[in-house]
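Each chain is listed here by its residues.
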Amino acid sequence: MSNFGSYEERVKSFSWALSEQELSYQPGQVINIGWYCSDRICQMGKADKVALIWEGFTGEKKVFTYNDLRLYSNTIAKFITDLGIKAGDRICLFMDRIPELYIGFLGILKTGAIVQPLFSAFGEESLFVRLENAQTSAIFTQKKHVSKVRKIRDKLPHLKHIIIVDYDGKSTLQEREVAFSMEQTEKVDNFEIYPTYAETPSVLHYTSGTTGMPKGVQHVHYSLISQYITAKWVLDLRDDDIYWCTADPGWVTGTSYGIIGPFSLGVTQCVLDSGFSAEAWYRFIEKNRVTVWYTAPTAIRSLMKAGDEIIKKFDLSSLRHLASVGEPLNPEAVNWSIRVFGKPFHDTYWQTETGCIVITNFPGMPVKPGSMGRPFPGITATVLNPNNYEPYPEPGRIGLIGLKPGWPSMMRTYWNNEEAYRNKFRNGWYLTGDRARIDKEGYFWFVGRDDDVINTGGHLVSPFEVESALLEHQAVAESAVVSKPDPINMEVVKAFVTLKPGFTPSKDLELDIMNFIRKKLSPLAMPQEIEFVDSLPKTRSGKIMRRILHAKEWGEEIGDTSTLEND
Amino acid sequence: MDELKEIIKNYIINEYLEPDSDPITYDTPLISGGIVDSFSMVSLKRFLENKYNIQIPDEKATPEAFDSVNKIAELVREFVKV
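Residues numbered from 1 in each chain as written. Chains lettered and ligands numbered in written order. Predicted model: local features only at pLDDT ≥ 70, side-chain atom pairs only at ≥ 80, totals over all residues.

1. Some points on the overall build of chain A
Condition: Each helix corresponds to a stretch of at least 4 residues labelled H or I by DSSP, and each strand to a stretch of at least 2 residues labelled E; elements are numbered beginning at the N terminus. All radius of gyration figures rest on C-alpha atoms, and the globule criterion is 2.2 Å times the number of residues raised to 0.38. Around each residue's C-beta, the other C-beta atoms within 10 Å are counted; 20 or more make the residue buried, 12 or fewer make it exposed, and counts in between make it partly exposed. All C-beta atoms are placed from the backbone. Once C-beta atoms are placed from the backbone, any two residues with those atoms within 7 Å are in contact.
Helix and strand counts for chain A come out as 17 helices and 27 strands. Relative to the compact-globule value of 24 Å for 567 residues, chain A shows a C-alpha radius of gyration of 23 Å, a close match. In chain A, buried positions account for 51% of the 567 residues. When contacts within chain A are restricted to residue pairs at least 6 apart in sequence, those whose partners lie at least 24 apart make up 68%.

2. Side note on the sheet that holds strand β12 (residues 292–295) of chain A
Residue and element names in this part refer to chain A. Short version of the rule: Should DSSP find at least two bridges between two strands, the strands are regarded as paired.
Spatially, β2-β1-β11-β10-β12-β13-β14-β15-β16 is the arrangement adopted by the nine strands of the open sheet, whose pairing is mixed. Each edge of the sheet is formed by a strand with only one pairing partner; in this case those strands are β2 (61–65) and β16 (374–375). In the sheet, strand β14 (residues 345–349) pairs with strand β15 (residues 359–360) via two bridges, with the strands oriented antiparallel. Bridge pairing in β15 links tyrosine 349 to isoleucine 359.

3. Overview of the domain arrangement of chain A
Residue and element names in this part refer to chain A. Worth spelling out the cut-off: Throughout the structure description, domain borders are defined by an automatic or database domain assignment.
Here the domain parsing of chain A yields domain 1 (7–436) and domain 2 (454–554). Once you take the C-alpha centre of each, domain 1 and domain 2 turn out to be 30 Å apart. Counting residues at the interface gives 24 residues for domain 1 and 21 residues for domain 2. Elements represented by at least two residues in the side of domain 1 that touches domain 2 include exactly α7 (124–134) and α12 (297–306). Counting residues per element, the side of domain 1 that touches domain 2 draws most heavily on α12, at five residues.

4. Thoughts on the interface of chain B and chain A
Selection rule: Ten residue types, Ala, Val, Leu, Ile, Met, Phe, Trp, Tyr, Cys and Pro, are classed as nonpolar, four, Asp, Glu, Lys and Arg, as charged, and the remainder, Gly among them, as polar.
Facing 22 residues of chain B, the contacting portion of chain A comprises 25 residues. Examining the composition of the side of chain B that touches chain A, we find that six residues originate from one element, helix α2 (residues 40–52) of chain B, more than from any other. Residues that form the side of chain B that touches chain A fall into these classes: seven nonpolar, eight polar and seven charged.

5. Structural notes on the nonpolar core
Residue and element names in this part refer to chain A. This is how the line gets drawn: Among buried residues, those of type Ala, Val, Leu, Ile, Met, Phe, Trp, Tyr and Cys that are joined through C-beta atoms within 7 Å form a set called a nonpolar core.
One finds Val358 and Val466 to be the most contacted residues of the largest nonpolar core, which totals 174 residues. Among the elements that line this core, the one with the most residues is helix α5 (residues 66–83), at eight residues. Two domains each put at least three residues into this core: domain 1 (7–436) and domain 2 (454–554). Among residues more than four places away in sequence, those in contact with valine 466 are Val461, Val481, Val493, Ala495, Ile517, Leu521 and Ala525.

6. A closer look at α2(B)
This is how it is decided: Expected span, for any helix, means 1.5 Å times one less than how many residues it has.
Between the first and last C-alpha of α2(B) there are 19 Å, a value that for 13 residues agrees with the 18 Å anticipated at 1.5 Å per step. Those residues of α2(B) that sit buried are B:Ser40, B:Met41, B:Val42, B:Ser43, B:Leu44, B:Phe47 and B:Leu48. Buried residues along α2(B) sit in contact with α16 (507–520) of chain A together with α1 (3–16) and α3 (69–79) of chain B. Following α2(B) by one or two positions, B:Asn53 adopts a phi angle in the positive range, close to 50 degrees.

7. Focus: the confidence of the model for chain B
Heads up, the rule is: For every residue, the predictor assigns a confidence score, pLDDT, that lies between 0 and 100.
For chain B, per-residue confidence averages 91 on the pLDDT scale, and residues scoring 70 or more make up 96% of the total. Interface confidence in the predicted complex, given as ipTM, is 0.95; pTM for the same model is 0.92.

8. Points about the pairing of strand β22 (residues 444–449) of chain A
Residues and elements named next belong to chain A. Sheet topology note: the strand β21 (residues 429–438)/β22 ladder contains five bridges and is antiparallel. Directly across from aspartate 434, in β22, lies its bridge partner arginine 449. Connecting the antiparallel pair β21 and β22 is a turn made up of five residues, with glycine 442 showing a positive phi of about 85 degrees.

9. Digging into unusual backbone geometry
The backbone phi angle of A:Ser24 is positive, close to 55 degrees, even though this residue is not glycine. Relative to the helices and strands, A:Ser24 is located in the loop between α2 (17–22) and α3 (33–36). In the Ramachandran plot, B:Asn53 falls in the positive-phi region, its phi being about 50 degrees despite a non-glycine side chain. Tracing the sequence through the fold places B:Asn53 in the loop between α2 and α3. On the basis of neighbour counts, which here come to 10 C-beta atoms within 10 Å, the residue B:Asn53 falls in the exposed class.

10. Comments concerning the packing of helix α4 (residues 39–46) of chain A against α5(A)
Residues and elements named next belong to chain A. Note the cut-off: In this description, a line fitted to the C-alpha atoms serves as the axis of each element, helices being fitted only across the stretch in contact, and the angle between N-to-C directions of two axes falls anywhere from 0 to 180 degrees. For any pair of crossing helices, the crossing counts as left-handed if the nearer helix is rotated counterclockwise from the farther one by less than a right angle, and right-handed if it is rotated clockwise.
Running from amino to carboxyl end, α4 crosses α5 at an angle of 145 degrees, the nearest separation of the two axes being 8 Å. Like other packed secondary-structure pairs, α4 and α5 cross with a definite hand, here left-handed. Here Asp39, Ile41, Cys42 and Lys46 of α4 lie close against α5, whose contacting residues are Tyr66, Asn67 and Arg70. Residue composition of the contact of α4 with α5, by class: three nonpolar, one polar and three charged.

11. Examining the packing of α1(B) against α3(B)
Residue and element names in this part refer to chain B. Definition in use: Oblique is the label for any angle not covered by the other classes, which are roughly parallel (under 35 degrees), roughly antiparallel (over 145) and roughly perpendicular (65 to 115).
For the pair α1 and α3, interaxial distance at closest approach is 9 Å and the crossing angle is 120 degrees. For the element pair α1 / α3, the angle class is oblique. At the point where α1 passes α3, the crossing takes the right-handed sense. Counting all contacts with α1, which are made through Leu4, Lys5, Ile8 and Lys9, the residues of α3 involved are Val69, Asn70, Ile72, Ala73 and Val76. Looking at the contact of α1 with α3, its residues break down into six nonpolar, one polar and two charged.

What follows is the structure, given as structure tokens:
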């Protein structure tokens, strides 16, 4: 029997107060995620329970109990408080998946500051625009990433502290840099946690849109109420589980369900700080006796590509529940997992903005392969007519996924961009930007994005951001960026480029442009193909018509071209 | 000194490592060690194809085959005599 039980019963009796009661939270009281994920678990008598099993790519292993989580997060909180960090300041975590990332997240929240996790593979430009937008006061990073920070620090007057967590004394600390060793600093037993309340800002995650620069999605401490109960019911986490979330905390899955969900439930989770390899992943599951595994379709398809034979080398019988997030999970992947693991991956649908899972295939209920599942109790989801933003009254119609606002982990705004936030709502519905249909049994089926944003390997990439960066390359005159189909990543970035006089297309130039974007933005944003063209399709007013290029890549009808410039 | 391995190693140092990174050897894990991720692997594969005028089929371009300079050199030698 799953934690969730019957869908009908849960929907009928659901209230977010259920989660509040389980967390012993009463409206109006102090609520601090850092405290809930460490001190509270210790107070429940689980101080010695293992919270985090961490393994590096060399095989190095570290184990932290809930009491360690409490002490080390206190230590980090005191350290930044002593630096002068105040409640409401933005503190960035720019690190690989090392213990300091997970524990630092809790420590920052304990001070009342806002934690801003950023993917450590980001290049200097991606890092700069996010730190500048948030006016970040301090950044935690590692030796291997500090050079990217050094390149941009002079343009960031608000960035007062660059905290290096693995400084080894071999080189000299530079301007604004300070060394901090979590495990060598004297542990702080008592830290006066800042009294945050339900609506106190907690986490700032950046996400990409079609136009404009990335937007900072602002969440609050009350998001815990959603993240706790969805982790319990959708991921089916129980006290004796060993949980593995493969997402990087630079993205929202890695914080909502890689930190807050499991730690607030007092579950043991493990982390593998290593690049992808099928053998390494299966070995990790076997070695740690992982019971609940939350991963992404891209990873699942990569495992499928590695073949079935390799699975036979490992004992994966500990696996009890499998779930997936980031992009639609294709039916083949679900059927494959049933065949090789004896159980299906359960697709979960949500966004950085929603903060928690909103539509899902629930444990203990039949999975319809290829379906997103049904709305979580307490979430009102529908498919809207794009012309009037009214829900379609009958099933089967394709429209926009709309969510009725009001659940605890819904974003509160986009940082310094209230207008973009307001634009996400129509007729009382939050517009996800995704299109779907609902079948007669109430299951949602993903159809595609409603905009030009590219979902590659479960991460959103803004075509605008890539086009802007391409124009900074010395050879590029104009560019248009679209997605193209990919068997592993669902979509990848493709760029159409016209060249400046004096440059001619070549394979070496293509590689040079690819590497330019990879270093400037991120590996995700790097075009995996560049097509050199003489001109780009434009409207008579000069706007590039991405949709024509997109249709060409996907083998779709081009549609209306009446506004095409050279038509 | 193996010229092919040196070319691959130097390309990785110049393109994928930050200035203060630890030095790499022919055996340093590249993919599992997080130096080259699956997206960046595409540009590394493209470099090898351009440099040696070869085509590495996608099914051969696995994370395991790209996990060290030694393994990459072995892969390249399947397609070209260097």
